[in-house]
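Per-entry structural report
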Amino acid sequence: MLNLVLFGPPGAGKGTQSQKLIEKYQLIHLSTGDILRNEISKGTTLGLEAKKLMDEGKLVPDEVVIGMISNKLTENPNVKGFIFDGFPRTVAQAEALDALLQKHNERIAGMISLEVNEDELEKRLLLRGKDSGRADDANPEIIRKRIAEYQSKTTPVANFYKQQGKLNTVYGIGSIDDIFKKISEVIEKLN
Ligand code: B4P
């Protein structure tokens, strides 16, 4: 199976590139952000709790997102692989993902880290916030809080995969198609 982690700060283009990758490689897209927003739109207890944190730019507790991913892995047997988008966001989540995959005799083939500077991230998210209705994109202060959460809690995840020899960095500024081409080149070289 081809299991990939698509990594990067908020607004780096993980969701955008995932859409293209699932089509090309016929993978299942697992975006914890999308799953959480789905819970919010259904008004579940989990959704209501997550909304409060997400609107403040904070991460949702590890056990909540790990449980969601565990369910999705079980619900989707016999697939070509998964793209993990926005997950893992902490080292505890990365360790849990390795353990979950091991139970299914699977592993992460590679991690692709999209590199985008903070000014560009802020610009993209504010632009999306104008018509997406996403409260976490609408306000520069919340965007900066999300980037700070990323820097303190999520960047150590890159080192976790680096130690396993699985970290691949891709410059994330440029046209969506050019970035997609660079990501595809990385994937073709994975074994
Ligand atoms: P996510 O839904 O994961 O969202 P994101 O980081 O904001 O977005 P992404 O990087 O996917 O950006 P996109 O492609 O859409 O997380 C939201 C929140 O959920 C988190 O803050 C947290 O609270 C919670 N959460 C999620 N997962 C969690 C976890 N594992 N643990 C704890 N909490 C969790 O691109 C952004 C914009 O840029 C779009 O408008 C796009 O059109 C544009 N864009 C993309 N590529 C571009 C390019 N090349 N050039 C110009 N614009 C581009």
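Residues numbered from 1 in each chain as written. Predicted model: local features only at pLDDT ≥ 70, side-chain atom pairs only at ≥ 80, totals over all residues.

**Considering the site of the ligand**
The condition that has to hold: A molecule or strand has a residue near it when that residue's C-beta atom, placed from backbone coordinates, lies within 6 Å of it. Comment: elements are numbered from the N terminus, with helices defined as DSSP H or I runs of at least four residues and strands as E runs of at least two. Gly is placed with the polar residues, together with every amino acid not listed as nonpolar (Ala, Val, Leu, Ile, Met, Phe, Trp, Tyr, Cys and Pro) or charged (Asp, Glu, Lys and Arg).
Not every one of the 27 residues close to the ligand is listed here, only the nearest: G13, G15, T32, G33 and G86. Counting residues per element, the ones that place at least two in the shell around the ligand are α1 (14-25), α2 (32-42), α3 (45-55), α6 (118-132) and α8 (176-188). When the residues that make up the shell around the ligand are grouped by side-chain class, the tally is eleven nonpolar, nine polar and seven charged.

**Remarks on the pairing of strand β4 (residues 110-115)**
Rules: A pair of strands is considered paired only if DSSP assigns at least 2 bridges between the two.
Across four bridges, strand β1 (residues 4-7) lies against β4 in parallel orientation. Looking at the pairing, L4 lines up with G110 of β4. As judged from the five bridges shared by β4 and strand β5 (residues 167-171), these two strands associate in the parallel manner. Its bridge partner lying in β5, M111 is registered against L167.

**Observations concerning the sheet that holds strand β2 (residues 28-31)**
Where we set the bar: For helices, the fitted axis covers only the stretch in contact; all axes are lines through C-alpha atoms, and the angles between them, taken along N-to-C directions, range from 0 to 180 degrees.
Ordered by their spatial adjacency, five strands build an open sheet running β2-β3-β1-β4-β5, and the pairing between neighbours is parallel. Edge positions in the sheet fall to β2 and β5, since each of these pairs with one other strand and no more. Within the sheet, the average angular offset between the axes of one strand and its neighbour, ignoring direction, is 20°. Relative to strand β3 (residues 82-85), β2 runs parallel, the two sharing four bridges. Residue I28 lies in a different strand from β3, and its bridge partner there is F82.

**A closer look at the UniProt feature "binding site: ATP" (unreviewed entry) in the protein chain**
Going by this rule: UniProt positions are given in the numbering used here, feature names are shortened, and annotations may be inferred rather than shown by experiment. Partly exposed residues are those whose C-beta has more than 12 but fewer than 20 other C-beta atoms within 10 Å; with 20 or more the residue is buried, with 12 or fewer it is exposed, and the C-beta atoms are placed from the backbone. We call two residues in contact whenever the C-beta atoms placed from their backbones are within 7 Å.
Cross-referencing UniProt, the feature "binding site: ATP" (unreviewed entry) maps to G11, A12, G13, K14, G15, T16, R128 and G174 in the present numbering. Position of K14 among the secondary structure elements: in helix α1. The class of K14 is buried, set by 24 C-beta atoms lying within 10 Å. Other than its neighbours up to four places away in sequence, R128 contacts R134 and D137.

**What to know about the nonpolar core**
The line we're drawing: Under the definition applied here, buried Ala, Val, Leu, Ile, Met, Phe, Trp, Tyr and Cys residues are grouped into a nonpolar core through C-beta atoms within 7 Å.
Formed by 37 residues in total, the largest nonpolar core has its most connected members in V5, L6, F7, I83, F84 and I112. Sorting elements by how many residues they give to this core places helix α7 (residues 140-163) first, with five residues. In this view, L6 contacts K14, Q17, S18, I83, F84, D85 and I112; residues no more than four positions away in its chain are not counted.

**Some remarks on unusual backbone geometry**
Here the bond from F87 into P88 is cis, since omega is 0°, no more than 30 degrees from zero. Structurally, the position occupied by P88 is in the loop between β3 and α5 (91-103). Even without being a glycine, N105 presents a positive backbone phi close to 55°. If you trace the backbone, N105 turns up in the loop between α5 and β4.

**Digging into the environment of N139**
Here N139 lies in the loop between α6 and α7. Sequence separation between N139 and E122 is 17 residues; the distance between their C-alpha atoms is 9.6 Å.

**Some details on the packing of α1 against α8**
Quick note on the threshold: Each angle receives one of four descriptions, namely roughly parallel if under 35 degrees, roughly antiparallel if over 145, roughly perpendicular if within 65 to 115, and oblique otherwise. Note on convention: the crossing is left-handed when the near helix lies turned anticlockwise from the far helix by less than a right angle, right-handed when the turn is clockwise.
Look at α1 against α8: their axes get within 10 Å of each other, and the N-to-C directions meet at 55°. Here α1 is positioned oblique relative to α8, judged by the angle of their axes. Relative to α8, α1 is oriented so that their crossing is right-handed. Taking contact as the criterion, the partners of T16, Q17, K20, L21 and K24 in α1 are, on α8, I176, I179, F180, I183 and S184.

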